[in-house]
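So the chains spell out like this:
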Amino acid sequence: MPESIHRSVFIEGPAGRLEGLFWDPSRTHSPNGKPSIAAVVCHPHPLFGGTMHNKVVYQIARTLDRVGVPSLRFNFRGVGLSPGKHDRGHGEREDVRAALDHMAGEFPGVPLMVAGFSFGCWVGLRAGCDDSRVTELAGLGPPVNDSDFSYLAASDKPRLFILGEHDQFGSPEKLSELIRTFPKSTQHVTKAVIVPGADHFFKGQLEEVDAALAGWLVARYPELAAKK
């Protein structure tokens, strides 16, 4: 059985080449090597130390790898070896689109997912809403207290939110308010998981994050169940 592919990559971005990490377990999980879905994973705020090596971002990639979903996590412009400078989310959305282009090239015709943590959730999900290749959205630690997520109401794509009960940047109450702004049909394909006792960074509770993300993916793609 061939081994899962883990490699460093550079992808063409609008501000220069973006540094990334590409994990592809599909050769070990799928008989024909074609995954059910592939994901782009977005990291938290660059001005507060956010990189693709963030523990939550790493956990997302690990979970995806475990259930057989290829992933690309990357550094936004101005982070690590990615050139450019922080653009308050505007240019970063273009970075997400560049990452989606890369994954679409790696897996032609395969549905894509955007998963993001904190700032990466706010930026990534917006890019995912606008891209017809993206069929699922996963937002971890959405900073709903002070960030505008109103764009989500205009999209009917299935979505998962994972939020700590004591998240200092996004309260469960604010998340519930946001979900109530979605059309009823979209609310039916929205799942919110509140991790009891957890803070914004899910300190000491990443296993709960793993279980929530894996469970949601398996529910949507039952063929992944045997690969947990």
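A quick note: this is a predicted structure, and the numbers were derived from the prediction, not measured. (Residues numbered from 1 in each chain as written. Predicted model: local features only at pLDDT ≥ 70, side-chain atom pairs only at ≥ 80, totals over all residues. Heavy atoms only, no water.)

(A) Structural context of the packing of aromatic side chains. Per the counting criterion, the structure on display carries eight aromatic pairs. When the ring of Phe74 is compared with that of Phe76, the centres are 5.1 Å apart and the planes differ by 80°; the resulting orientation is edge-to-face. Of the two residues, Phe74 and Phe76, both sit in the buried class. Between the aromatic rings of Phe76 and Phe119, the centroid separation amounts to 5.7 Å while the plane-to-plane angle is 85°, which identifies the pairing as edge-to-face. With Phe76 in the loop between strand E4 (71–74) and helix H3 (90–106) and Phe119 in helix H4 (residues 119–130), this pair connects stretches of sequence that are 43 residues apart. Owing to a relative accessible area of 0%, Phe76 belongs among the buried residues under this scheme. Phe119 sits in the buried class, given a relative accessible area of 6%. Among the aromatic side chains, those forming a connected cluster through ring pairs are Phe74, Phe76, Phe119 and Trp122. The side chain of Arg17 reaches across the aromatic face of Phe10, ending 4.4 Å from its centre. Sitting over the face of the ring of Phe182, Arg159 holds its NZ or CZ atom 4.7 Å from the ring centroid. (Phe/Tyr/Trp six-rings, centres within 6.5 Å; stacked < 30°, edge-to-face > 60°. Buried < 20%, exposed > 50% of the residue type's maximum accessible area, 1.4 Å probe, protein only. Helix = DSSP H or I, 4+ residues; strand = E, 2+ residues; numbered from the N terminus. Lys NZ or Arg CZ within 6 Å of the ring centre and 35° of its normal.)

(B) Representation of the side chain of Arg77. Looking at the secondary structure, you find Arg77 in the loop between E4 and H3. On the accessibility criterion, Arg77 (11% relative accessible area) is buried.

(C) Up close: the environment of Val96. Tracing the chain through its elements places Val96 in helix H3. On the basis of relative accessibility, which here comes to 0%, the residue Val96 falls in the buried class. It is 7.6 Å that separates the C-alpha atoms of Val96 and Cys42, two residues lying 54 residues apart in sequence. Ignoring sequence-local partners within four residues, the contact set of Val96 consists of Cys42, Phe74, Phe76, Val123, Gly124 and Ala127. (Contact = heavy atoms within 4.5 Å.)

(D) Broad picture of the layout of surface pockets. Its boundaries defined by the atoms lining it, the largest pocket holds a volume of some 380 Å³. Lining the largest pocket are 18 residues, and of these His45, Phe48, Ser118, Phe119 and Phe169 sit closest to its centre. Of the residues belonging to the lining of the largest pocket, the class tally is seven nonpolar, nine polar and two charged. For the second largest pocket, the calculated volume is near 170 Å³. (1 Å grid on protein atoms, 1.4 Å probe; cavity = no way out; pocket = protein on both sides within 12 Å on 5 of 7 lines; lining within 4 Å. Points joined across faces, edges and corners; volume = space filled by probe spheres on them. Nonpolar A, V, L, I, M, F, W, Y, C, P; charged D, E, K, R; others polar.)

(E) Structural view of the environment of Gly170. Residue position: Gly170 is located in the loop between strand E7 (159–164) and helix H5 (172–180). Relative accessible area serves as the criterion here: at 0%, Gly170 is assigned to the buried category. Along the chain, Gly170 and Gly141 lie 29 residues apart, while their C-alpha atoms are 6.9 Å from each other. Sequence-distant contacts of Gly170, that is, excluding residues within four places in its chain, are made with Pro142, Val144, Asn145, Leu163 and Gly164.

(F) Here's a closer look at the side chain of Thr190. Relative to the helices and strands, Thr190 resides in strand E8 (residues 190–195). Side-chain polar atoms of Thr190 contact the backbone oxygen of Thr186, separated by 2.8 Å. If we skip the residues at most four places from it in the chain, Thr190 touches Arg159, Phe161, Ile179 and Phe182. (Polar contact = N/O pair within 3.5 Å; in protein donor to acceptor, adjacent residues only side chain to side chain.)

(G) Just the nonpolar core, in detail. One finds Phe74, Val96, Met103, Leu125 and Leu152 to be the most contacted residues of the largest nonpolar core, which totals 37 residues. Top contributing element to this core by residue count: H4, with six residues. Core analysis: the second largest hydrophobic core is formed by 29 residues, Val57, Ile60, Phe117 and Leu213 among them. (Core = buried A, V, L, I, M, F, W, Y, C linked by side-chain atoms within 4.5 Å.)

(H) The sheet that holds E7, seen in detail. What the eight strands build is an open sheet, ordered E1-E2-E4-E3-E5-E6-E7-E8; its pairing is mixed. The open sheet has two free edges, formed respectively by strand E1 (5–13) and E8, since each of these has just one partner strand. Here the average twist between neighbouring strands, direction ignored, is 20°. Strands E1, strand E2 (16–24), strand E3 (38–42), E4, strand E5 (112–117) and strand E6 (134–140) of the sheet are contacted by H3, whose axis makes an angle of about 150° with E4. (Pairing = 2+ DSSP bridges. Axes fitted to C-alpha atoms, helices over the stretch in contact; angles between N-to-C directions.)

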